[in-house]
Amino acid sequence: MIDSSPPLLHYYGKLSRLPPQIPTPDQRNDLPDGIALVEEYCQLPLIDLSCLSSTNEKVRLACADAICRASSEWGFFQVVNHGISPELVRNMRREQVKLFQTPFEKKVTCGVLDNSYRWGTPTATCPKQLSWSEAFHIPISKVFEQACFGEFSSLREVMVEFAAAMSKLARLLAGVLAENLGHPRGVFGNICQESNCFLRLNRYPACPMSSEISGLVPHTDSDYLTILSQDEVGGLQLMKDSKWVAVKPNPDALIVNIGDLSQAWSNDIYKSVEHKVMANRKKERYSIAYFLCPSYDSLIGSCREPSIYRKFTFGEYRSQVQEDVKRTGRKMGLPRFLL
């Protein structure tokens, strides 16, 4: 039988035999003060987006306030009645599963979706830095190019519709966040052209060492805003009040989280929160994320003074993140850019 999964177990074995080069937080005794390795379930703020189009002004304002409050207090929230139909989500998931069922060697070599396939963690130097997952990280500009899909023509039909719907939702939410700080609703739409944004299809295979391995290692997102559609398996965890809390899947909801660029732009009013995905011993997990990003030469600055962070371009930020991960095994993020 031809295997569709990447050789993660073999890679894990190689990393296990290497002498540790870079200590990770789980391997050290010097965890940051106050950080506990406690896991519990949380109920993310749940926001009904249909209220944004209510004829009642108080209802509209209350909904916008809930979005902004959740972005400040949690950095994460869930949305229902978001305008993306359950049928579209099901169709996208069906095509996603078909894509990942393609033999591993073919995914690596066929060049589908702009050669965007990736698996594991190339920079990992120990098992704790390994992400037990595979993904297609696709520039939205390529979603509309038929040549990028090869034999996966049915995937293109659904993905074009899904990407457009996620983009519309991301800009709606970003507009609410901008307006809350006294800026025009379209400010992020002008900065984040569709060609700069990404859609990421994720698969997390079942992992026999699930208690030791992350499906996706702890990180924050290097964008303005992320929208996540996940299946019923669960595994997403976020840092809240100095401890890891697990998010219960809600089949009717999408998950929204604030990215590093929004935290910098808002001068720390909105919070980009560390999160991870836990591997599952018995079940594979699927998710799809939309990333609202600017161009690499876009200048990121605070929306108000005095600024906490120095100005930087998105390209500079991404380069620093990649350098940090390669050198230390971890993303340092915004603290690098503090004044």
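Residues numbered from 1 in each chain as written. Predicted model: local features only at pLDDT ≥ 70, side-chain atom pairs only at ≥ 80, totals over all residues. Heavy atoms only, no water.

The name given to the chain in an unreviewed UniProt entry is gibberellin 2beta-dioxygenase, and the organism recorded there is Salix viminalis. The UniProt entry for the chain carries this comment under Sequence similarities (unreviewed entry): "Belongs to the iron/ascorbate-dependent oxidoreductase family. GA2OX subfamily." (UniProt positions renumbered as here; feature names shortened; annotations may be inferred.)

Caption draft 1: Molecular detail of the overall build of the chain. Helix and strand counts for the chain stand at 10 helices and 15 strands. For 339 residues, the compact-globule formula gives about 20 Å, and the C-alpha radius of gyration of the chain, at 20 Å, lands near that figure. Dimensions of the chain along its principal axes, counting C-alpha atoms only, are 60 × 50 × 40 Å. Per-residue burial for the chain yields a buried fraction of 53% across its 339 residues. Here the analysis covers contacts within the chain between residues at least 6 apart in sequence; of these, 79% occur between residues at least 24 apart. If you sum the accessible surface of the chain, you get close to 16000 Å²; carbon and sulfur atoms cover 52% of it. (Helix = DSSP H or I, 4+ residues; strand = E, 2+ residues; numbered from the N terminus. Rg over C-alpha atoms; globule rule 2.2 N^0.38 Å. Buried < 20%, exposed > 50% of the residue type's maximum accessible area, 1.4 Å probe, protein only. Contact = heavy atoms within 4.5 Å. Areas by Shrake-Rupley, 256 points an atom, 1.4 Å probe, with all protein chains shown as cover.)

Caption draft 2: Spotlight on helix 3 (residues 86-100). When the terminal C-alpha atoms of helix 3 are compared, their 21 Å separation across 15 residues agrees well with the 21 Å that a helix rising 1.5 Å per residue should span. Burial in helix 3 covers these residues: Leu88, Val89, Met92, Arg93, Glu95, Gln96, Leu99 and Phe100. (Expected span 1.5 Å × (residues − 1).)

Caption draft 3: Spatial organisation of the packing of aromatic side chains. Applying the stated criterion across every chain, the model contains 12 aromatic pairs. Pairing Phe100 with Tyr286 gives two aromatic rings, centres 6.2 Å apart and planes at 50°, and the pair type is tilted. Taken as a pair, Phe100 in helix 3 and Tyr286 in strand 13 (residues 285-292) lie far apart in primary sequence, 186 residues in all. In terms of burial, Phe100 and Tyr286 fall into one category: buried. Between Phe188 and Tyr224, the aromatic rings sit 4.7 Å apart at their centres with planes inclined by 55°, giving tilted as the arrangement. With a gap of 36 residues between them, Phe188 in helix 8 (residues 187-191) and Tyr224 in the loop between strand 7 (214-219) and strand 8 (225-230) connect regions that are remote in the sequence. We classify Phe188 as buried; its relative accessible area is 3%. Members of the aromatic cluster, connected to one another through ring pairs, are Tyr11, Phe100, Phe104, Tyr117, Trp119, Phe136 and Tyr286. Just above the ring of Trp74 sits the side chain of Lys240; from NZ or CZ to the centre is 4.6 Å. Taking NZ or CZ as reference, Lys248 lies 5.4 Å from the ring centre of Tyr41, over its face. (Phe/Tyr/Trp six-rings, centres within 6.5 Å; stacked < 30°, edge-to-face > 60°. Lys NZ or Arg CZ within 6 Å of the ring centre and 35° of its normal.)

Caption draft 4: Here's a closer look at the environment of Asp241. On the secondary structure map, Asp241 appears in the loop between strand 9 (236-240) and strand 10 (243-247). A residue is classified by how much of its surface remains accessible, and Asp241, at 62% relative accessible area, is exposed. When the C-alpha atoms of Asp241 and Arg69 are compared, they prove to be 16 Å apart, with 172 residues separating the residues in sequence.

Caption draft 5: Layout of the pattern of salt bridges. Following the criterion strictly, the structure yields 14 salt bridges and no others. Between Lys106 and Glu151 there is a salt bridge, with its nearest N and O atoms 2.7 Å apart. Of the two residues, Lys106 sits in helix 4 (residues 104-109) while Glu151 sits in the loop between helix 6 (140-143) and helix 7 (153-180), which places them 45 residues apart along the sequence. Of the residues examined, Lys106 reaches a relative accessible area of 31% and is grouped as partly exposed. One salt bridge connects Arg171 with Glu194, and the closest N-O pair in it is separated by 3.8 Å. Taken as a pair, Arg171 in helix 7 and Glu194 in the loop between helix 8 and strand 6 (198-204) lie far apart in primary sequence, 23 residues in all. Through salt bridges with shared partners, a single ionic network connects Lys107, Glu134, Arg203 and Glu284. (Salt bridge = Lys/Arg side-chain N within 4 Å of Asp/Glu carboxyl O.)

Caption draft 6: The arrangement of the side chain of Glu134 in detail. Tracing the sequence through the fold places Glu134 in strand 5 (residues 134-139). The exposure class assigned to Glu134 is buried, which follows from its relative accessible area of 1%. Within the structure, Glu134 has its side chain in polar contact with the side chain of Lys107 (distance 2.9 Å). Polar side-chain contacts of Glu134 include one of 2.6 Å to the side chain of Arg203. Discounting chain neighbours no more than four positions away, the residues touching Glu134 are Ser4, Pro6, Phe100, Lys107, Tyr117, Arg118, Trp119, Leu201, Asn202 and Arg203. (Polar contact = N/O pair within 3.5 Å; in protein donor to acceptor, adjacent residues only side chain to side chain.)

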